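An overview of the molecular structure
Given next are the chains, with one letter for each unit.
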Amino acid sequence: MKFLNILFLAADTARSKGYGQALLKNNLFLKNSVLITDVNSRPGAPQNNVIPDERLYDNILVPDLQVSLRSTLEELSENLIENDSGSINDDSIHSIIKNTHPDLVIYSGFGGEIVRTSTLDLGPKFLHLHSGDLPDYKGSTTIYYSILNREQCCVTAILLSAGIDEGEIILKRYFDRPTKKMDIDYLYDVSIRSQVLVDALKLWAENARFVNTTLQNRQDGEVYYVIHPILKHLAIMSLEE
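Let me sum up the structure you'll find in this document. (Residues numbered from 1 in each chain as written. Predicted model: local features only at pLDDT ≥ 70, side-chain atom pairs only at ≥ 80, totals over all residues. Heavy atoms only, no water.)

1. So, the packing of aromatic side chains
Stated formally: Pairing of aromatic rings covers Phe, Tyr and the six-membered ring of Trp, with a centre-to-centre limit of 6.5 Å; geometry is then stacked below 30 degrees between planes, edge-to-face above 60, and tilted otherwise. Where helices and strands are cited, they refer to DSSP runs of H or I of at least four residues and of E of at least two residues respectively, numbered from the N terminus. Buried, partly exposed and exposed residues are distinguished by accessible area as a fraction of the type maximum, computed with a 1.4 Å probe on protein chains only: under 20%, between the cut-offs, and over 50%, respectively.
Counted according to the given criterion, the structure contains five aromatic pairs. Aromatic side chains F8 and Y19 sit 6.4 Å apart centroid to centroid with 35 degrees between the ring planes, which places their arrangement in the tilted category. Residue F8 is found in strand β1 (residues 3-11), and its partner Y19 is found in helix α1 (residues 14-25); the two are separated by 11 residues along the sequence. Between the aromatic rings of Y145 and Y224, the centroid separation amounts to 4.4 Å while the plane-to-plane angle is 40 degrees, which identifies the pairing as tilted. With Y145 in helix α5 (residues 142-149) and Y224 in strand β11 (residues 222-224), this residue pair connects regions lying 79 residues apart in the sequence. Assigned by exposure class, Y145 and Y224 land together as buried. A connected cluster of aromatic rings, assembled from ring pairs, spans Y137, Y145 and Y224.

Below, the structure written as structure tokens:
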């Protein structure tokens, strides 16, 4: 069994569950993973948003949110570290990064957290999966704006930089919009991001680095903010059954 020298920073969320399950299914094993929980009881993924009898959507693995993140990481990782700081930017996480010497870090923090420059400057590159077509769709909840404005959704794999969603582009993938019955936030969004994570790490595994990345022009595109509930409802209602 080959373990990639990659560190998975995995907050206890639906997204991290999806990432872990997708990597495990594709035999992309990692040397180190960090299970980040929160002593202040920040809520993790809901446990009841699984589509009955539908484990694939458009040939993409749909995560099973009933499976604990810990059990997935134990299978996925040569070494699992548990951390209750609740933050990617905590000094204890910095120490883990320094001590494990990863070639790459997979970032999957709690929602809304920004990776600080002090974290990005530790050495390894941070891989992030953004559910928007960069540089056109920067910012938050861009998947809903894509549903409203386009006939498809996109995930862009980037290397994080100090600017929001301005890092080097590794690859993009486009997907059919979800159906109305599919939970967008906890299943569809997680599923398509997880698929692109797998695609990106397969590229990484070929050379232990990313080649042919694309720099973004900071002036291009638009930054979106958390979508208004009415617009979110309209996006969902625009979907087919």
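We are not done yet, so read on.
2. Description of the packing of α5 against helix α6 (residues 184-207)
Selection criterion: Convention adopted: a line fitted to C-alpha atoms gives each axis, helices being fitted over their contacting stretch, and angles between N-to-C directions are expressed from 0 to 180 degrees. Roughly parallel means an angle under 35 degrees; roughly antiparallel means over 145; roughly perpendicular covers 65 to 115; every other angle is labelled oblique. Pairs of residues are marked as contacts when any of their non-hydrogen atoms sit within 4.5 Å. Following the grouping adopted for this structure description, the nonpolar residues are Ala, Val, Leu, Ile, Met, Phe, Trp, Tyr, Cys and Pro, the charged ones are Asp, Glu, Lys and Arg, and the polar ones are all others, Gly among them.
Contact geometry for α5 and α6: axes closest at 11 Å, N-to-C directions at 85 degrees. Classified by the angle between their axes, α5 and α6 sit roughly perpendicular to one another. For the pair formed by α5 and α6, the contact residues are I143, Y144 and I147 on the first element and I184, D185, Y188, D189 and I192 on the second. Classifying every residue of the contact of α5 with α6 by side-chain character gives six nonpolar, no polar and two charged.

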